[in-house]
Amino acid sequence: FFQSPFMQEKSAGELNSSEQGQSILDIQPIDAGSRPTKQFELTAKETDWEIQTGESVNAWTYNGTVPGEALRVQQGDFVQVELHNELEVPVTIHWHGVILPNRMDGVPGVTQDAVEPGESFTYEFIAEDAGTYWYHSHQHSSLQVDKGLYGPLVVEEKGEKPEHDEVFILDEWAVNQDRENWTNMGGMMMGSMQGDGEADTKEMYDTFTVNGKAGDAIDPLRMEEGETARLRFVNAGYQLHRLVFPEGSMEMLAVDAEPVQSSGERNVLEIAPGERIDVLYTKGKDDEIIGEMPSVENSQDMQIPVLSSDSSGENLQVTGKDPATSKGTSYASKDLLFDTVPDVDVSYDMNLSMGMNMGEGMIWQINDRVFPETPPIQVEKGDIVKVDITNEGRLNHPMHLHGHRFQVEAEDGGAVVKDLINVKPGESYTIYFEADNKGEWLFHCHDNNHADRGMVTIVDYT
Ligand code: C2O
Ligand code: CU
């Protein structure tokens with residue numbers, strides 16, 4: 001069929017010449033200078049993971065838990081992470097959202113060889129920008145991320161902090177179905193397209209988790225009335241979720257690690273696959289719930305109780321409102337990449353669509369091609385790049401760019417700096433970025449089922 005960079009298992013020495021060409025730049029060790037060093041070890045291994053009381057799944061984990069060990073560092077730290085692979089399949093770690101040298105990006109067959117069973121690899125980077133990130137395997141992602149190979153990475157900023165600071169990683173599982181089977185069936189399952197734009201995967205997953213736990217097993221947030229918390233949400237799954245807060249309790253802080261300013265009152269936020277949203281939450285008088293819309297199927301599984309020390313735990317209320325009636329608001333990044341529409345050196349039209357491949361079922365295309373036949377975005381260092389993305393299909397495509405941040409012009413004239421943009425059916429966005437980080441960088445749909453079946457291209461520096 002085709003070779004996805006999520007699937008490739010090139011052995012040492014097989015990386016192509018352009019990667020070797022850039023090694024003069026890349027082979028130098030990262031200069032940590034006098035920065036504090038933070039070291040971690042992550043072991044990929046099989047684990048029986050109790051997803052809810054009395055119900056376990058066969059998971060693949062970093063250090064035995066889902067999500068994997070929470071990595072917290074300070075802005076400016078030099079980070080070293082040793083990956084050991086105790087699984088029977090090759091793995092990697094991709095540092096989602098972190099701007100780092102290309103050879104540390106964790107994409108098998110593109111930036112490194114996958115780490116084989118029994119082997120190790122050390123990742124190193126400088127945590128330049130504060131914010132919420134996450135890490136996950138980029139080897140056969142649709143399977144490996146699904147099975148639990150992900151975890152949070154928080155780069156704390158200097159200065160004053162709220163009383164609480166918590167990460168919530170959202171995900172969905174197919175507890176009652178045979179996941180391997182879907183992989184084999186591939187496009188057939190993807191082919192069931194009744195209903196709206198999220199229909200493709202919805203029917204395959206039956207259990208929704210927050211930090212690896214479902215339903216009553218979800219860890220409550222414990223804080224007292226009037227206390228504040230920085231809540232960092234990460235969507236590690238393949239479905240769009242709605243975060244619902246008690247009215248007036250929350251203020252947006254950052255999206256994809258970029259500080260934002262929001263205007264107006266808002267209590268419902270959408271979070272796309274791969275996206276991160278940070279909010280400042282203030283606990284009200286009663287016990288509260290933060291969760292997905294009650295109208296969404298299985299939303300019971302997605303509620304985070306916020307309890308105070310004297311909680312009986314009985315008078316919990318769902319305070320979310322229908323997004324249709326929630327007051328509209330918008331947000332803009334505090335620091336823009338470009339103050340005005342920049343002069344562009346490279347323009348690229350990206351059309352996202354679905355296709356059929358004889359005998360293989362559904363494929364996901366960029367400009368009518370599947371990776372690696374998709375046309376690359378060819379740049380030179382220093383270029384200002386414009387990409388017009390249009391979704392001609394019927395499903396959401398959360399498009400994620402590695403190694404860079406881009407600026408999206410928002411409808412109301414403001415602009416947002418991100419590394420992932422969810423392009424809904426029929427939507428178009430124009431994004432701008434500066435090609436300032438040499439290497440080969442993936443630009444792909446973060447519904448990894450789509451990426452593994454073609455919706456990937458590469459920003460390629462000549
Ligand atoms: Cu979360 Cu290619 O990335
Ligand atoms: Cu997609």
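As annotated in an unreviewed UniProt entry, the chain carries the name Multicopper oxidase family protein and comes from Halobacillus trueperi.

(A) Spatial organisation of the overall build of the chain. Looking only at helices and strands, the chain features 7 helices and 31 strands. The buried share of the chain, taken over its 462 residues, is 45%. Sequence separation of 24 or more characterises 78% of the internal contacts of the chain that already satisfy a separation of 6 or more.

(B) Layout of the pairing of strand β25 (residues 397–401). With 5 of 5 residues buried, β25 lies mostly within the body of the structure. Going residue by residue along β25, you find His-397, Met-399 and Leu-401 tucked away on one face and Pro-398 and His-400 tucked away on the opposite face as well. In the sheet, β25 pairs with strand β28 (residues 420–423) via 4 bridges, with the strands oriented antiparallel. The residue bridging Pro-398 from the neighbouring strand is Asn-422, located in β28. As paired strands, β25 and strand β30 (residues 440–445) are joined by 3 bridges and run antiparallel to one another. Paired with Leu-401 across the strands is Phe-443, a residue of β30.

(C) Expanded view of the UniProt feature "domain: Plastocyanin-like" (unreviewed entry) in the chain. The UniProt record annotates "domain: Plastocyanin-like" (unreviewed entry) at residues 45–158, 196–283 and 363–459. From the first C-alpha to the last, residues 45–158 spans 34 Å; its make-up is 4% helix and 45% strand.

(D) Up close: the nonpolar core. By size, the foremost hydrophobic cluster in this structure holds 111 residues, and its most contacted members are Trp-134, Leu-153, Phe-168, Phe-233, Leu-243 and Phe-443. The element that contributes the greatest number of residues to this core is strand β9 (residues 164–173), accounting for 5 residues. Discounting chain neighbours no more than four positions away, the residues touching Trp-134 are His-96, Tyr-150, Gly-151, Pro-152, Leu-153, Ile-169, Val-234 and Ala-236.

(E) Local environment of the environment of Val-175. Residue placement: Val-175 occurs in the loop between β9 and α4 (179–185). With residues up to four places along the chain from it excluded, the contact list for Val-175 reads Ile-51, Glu-55, Val-57, Asp-206 and Thr-207.

(F) Spatial organisation of the sheet that holds β30. One open sheet holds the 5 strands; their spatial order is β23-β31-β30-β25-β28, and the pairing between them is mixed. At either end of the open sheet lies a strand with only one pairing partner, and these are β23 (377–379) and β28. Each neighbouring strand pair of the sheet contributes to a mean axis angle of 15 degrees, computed without reference to strand direction. Pairing of β30 with strand β31 (residues 456–461) involves 5 bridges; the strand directions are antiparallel. Along β31, the bridge assignment pairs Glu-440 with Asp-460.

(G) Inspection of the sheet that holds strand β8 (residues 150–156) at higher detail. Here we have 4 strands laid out as an open sheet, ordered β3-β8-β7-β5, and mixed in their pairing. Looking along the sheet, the strands with just one partner apiece sit at the ends: β3 (71–74) and β5 (94–96). Put simply, the sheet's adjacent strands are angled 25 degrees from each other on average, direction ignored. Two elements, strand β7 (residues 131–136) and β8, share 6 bridges in a ladder whose sense is antiparallel. Across the sheet, Tyr-133 pairs through a bridge with Leu-153, a residue of β8.

(H) Region of interest: the confidence of the model for the chain. Summary statistics for the chain give a mean pLDDT of 85 and a share of 81% for residues scoring 70 or more. Low confidence marks residues 8–26, where pLDDT is under 50. Its contacts with residues over four positions away, or in another chain, come to 20 contacts. Contacts of residues 314–328 to residues separated by more than four positions or lying in other chains number 31 contacts, the stretch itself having pLDDT below 50. The ipTM value of the predicted complex is 0.98, and its pTM value is 0.89.

(I) Fine view of the environment of Val-341. Within the secondary structure, Val-341 sits in the loop between β20 (330–333) and β21 (346–357). Taking the C-beta count within 10 Å as the criterion, Val-341 has 12 such neighbours and is therefore assigned exposed. Between the C-alpha atom of Val-341 and that of Ile-389, which follows or precedes it by 48 residues, the distance is 17 Å.

(J) Region of the structure containing unusual backbone geometry. Cis peptide bonds are those with omega within 30 degrees of zero, and the linkage from Val-66 to Pro-67 qualifies with -10 degrees. Within the secondary structure layout, Pro-67 lies in the loop between β2 (55–62) and β3. Each neighbour pair has its own omega, and for Phe-371 with Pro-372 the value is 5 degrees, a cis peptide bond. Along the polypeptide, Pro-372 turns up in the loop between β22 (361–366) and β23. The residue Ala-257 is not glycine, and still its phi comes out positive at about 70 degrees. With a phi angle near 65 degrees, Asp-368 is a residue other than glycine that sits in the positive phi range. With respect to the secondary-structure elements, Asp-368 resides in the loop between β22 and β23. A count of 11 C-beta atoms within 10 Å places Asp-368 in the exposed class.

(K) Structural detail: the environment of Tyr-331. Note that Tyr-331 resides in strand β20. The exposure class assigned to Tyr-331 is buried, which follows from the 21 C-beta atoms found within 10 Å. Here the alpha-carbon distance between Tyr-331 and Phe-78, two residues 253 residues apart in the chain, equals 32 Å. Once you skip the residues sitting within four places of it in the chain, Tyr-331 turns out to touch Met-252, Val-260, Gln-261, Ser-262 and Val-416.

Reading the values: rules and limits
- Starting from 1, residues in each chain are numbered consecutively following that chain's sequence as written.
- Each chain takes a letter, starting from A, and each ligand takes a number, starting from 1, following the order in which they are written.
- Selection of residues for local features in this predicted model requires a pLDDT of at least 70, selection of side-chain atom pairs for listing and counting requires 80 or more, and totals for whole chains, interfaces and linings are taken over all residues.
- Strands are runs of DSSP state E lasting at least 2 residues, helices are runs of H or I lasting at least 4, and numbering of each runs from the N terminus.
- With C-beta atoms placed from the backbone, a residue is buried if 20 or more other C-beta atoms are within 10 Å of its own, exposed if 12 or fewer are, and partly exposed between those counts.
- By the convention adopted here, residues are in contact when the distance between their C-beta atoms, placed from the backbone, does not exceed 7 Å.
- Whether two strands pair depends on DSSP finding at least two bridges between them.
- UniProt positions are given in the numbering used here, feature names are shortened, and annotations may be inferred rather than shown by experiment.
- The term nonpolar core means buried Ala, Val, Leu, Ile, Met, Phe, Trp, Tyr and Cys residues held together as one set by C-beta atoms within 7 Å.
- Note on definitions: angles span 0 to 180 degrees between N-to-C directions of axes, and those axes are lines fitted to C-alpha atoms, for helices only across the stretch in contact.
- Confidence of the predictor in every single residue is expressed as pLDDT, which spans 0 to 100.

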